[in-house]
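These are the residues of each chain, in order.
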Amino acid sequence: MIIAGILTGCGRSTRKVEKTSPDKTMRLVAYSKDGIVHFKIISAKKENVIFETKTRASAYHRWNMEWKDNKKILLDSSDIGSYFWIYKNGFWKELSDSDNKPEKKFMEKK
């Protein structure tokens, strides 16, 4: 049993998540590559990649990504916690840790 636990790790490492933005103009595609969670945002009309990045989340732990609105994406990971990417001034960017903390408190279940 110990060997099986070592071989399987903490979760699935080949998971893929695809979600459409609330206004249906973009698709979020999150996937694991080399043990890390990556994601890209794809234009729904032209099918071109608008933004792509590698996160700090391990693909071997539990994780999920979702649209919070048309300009905000949430990564929820069991190893690094919750992080957001926002669209502002024509660019997608990850919020800093200090920017994320108020959001994390708001997201906590009571």
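Residues numbered from 1 in each chain as written. Predicted model: local features only at pLDDT ≥ 70, side-chain atom pairs only at ≥ 80, totals over all residues. Heavy atoms only, no water.

With respect to the sheet that holds strand β4 (residues 49–58)
So, step 1. Judged by pairing direction, the sheet is antiparallel, and its four strands sit side by side in the order β1-β2-β3-β4 without closing on themselves. Two strands in the sheet have a free side with no partner beyond their single neighbour: β1 (16–20) and β4. Taking each pair of neighbouring strands and ignoring which way they run, the sheet shows an average axis angle of 15°.
So, step 2. Note: strand β3 (residues 36–43) against β4, six bridges, orientation antiparallel. Bridge assignment links Ile36 to a residue of β4, and that residue is Ser58. (Pairing = 2+ DSSP bridges. Helix = DSSP H or I, 4+ residues; strand = E, 2+ residues; numbered from the N terminus. Axes fitted to C-alpha atoms, helices over the stretch in contact; angles between N-to-C directions.)

Focus on the nonpolar core
So, step 1. Within the largest apolar cluster, 18 residues are counted, with the highest numbers of intra-cluster contacts made by Phe39, Ile41, Met65, Ile73, Trp85 and Trp92.
So, step 2. When near neighbours in sequence (up to four residues on either side) are disregarded, Phe39 contacts Leu28, Val29, Ala30, Tyr31, Phe51, Glu52, Thr53, Thr55, Met65, Ile73 and Trp85. (Core = buried A, V, L, I, M, F, W, Y, C linked by side-chain atoms within 4.5 Å. Buried < 20%, exposed > 50% of the residue type's maximum accessible area, 1.4 Å probe, protein only. Contact = heavy atoms within 4.5 Å.)

Focus: the packing of aromatic side chains
The relation between two aromatic rings is expressed through the spacing of the ring centres and the mutual angle of the planes.
So, step 1. In total, this model carries four aromatic pairs according to the counting rule given.
So, step 2. Taken together, a centroid distance of 5.9 Å and an interplanar angle of 50° make the contact between Phe39 and Phe51 tilted. Of this pair, Phe39 sits in strand β3 while Phe51 sits in strand β4; the two residues are 12 residues apart in sequence, bridging distant segments of the chain.
So, step 3. Aromatic pair Trp67 and Trp92: ring centres 6.1 Å apart, planes at 70°, arrangement edge-to-face. (Phe/Tyr/Trp six-rings, centres within 6.5 Å; stacked < 30°, edge-to-face > 60°.)

Details of the pairing of strand β7 (residues 81–88)
So, step 1. Pairing of strand β6 (residues 72–77) with β7, which is carried by six bridges, proceeds in the antiparallel orientation. Each residue of the ladder has a partner; that of Lys72, found in β7, is Ile86.
So, step 2. Remark: three residues form the turn of the hairpin made by β6 and β7, two consecutive strands paired antiparallel.
So, step 3. Both β7 and strand β8 (residues 91–94) contribute to a ladder of four bridges, which runs antiparallel. When the bridges of β8 are listed, Tyr87 appears paired with Trp92.
So, step 4. Where β7 folds back on β8, the antiparallel hairpin that results is connected by two residues, among which Asn89 adopts a positive phi of roughly 55°.

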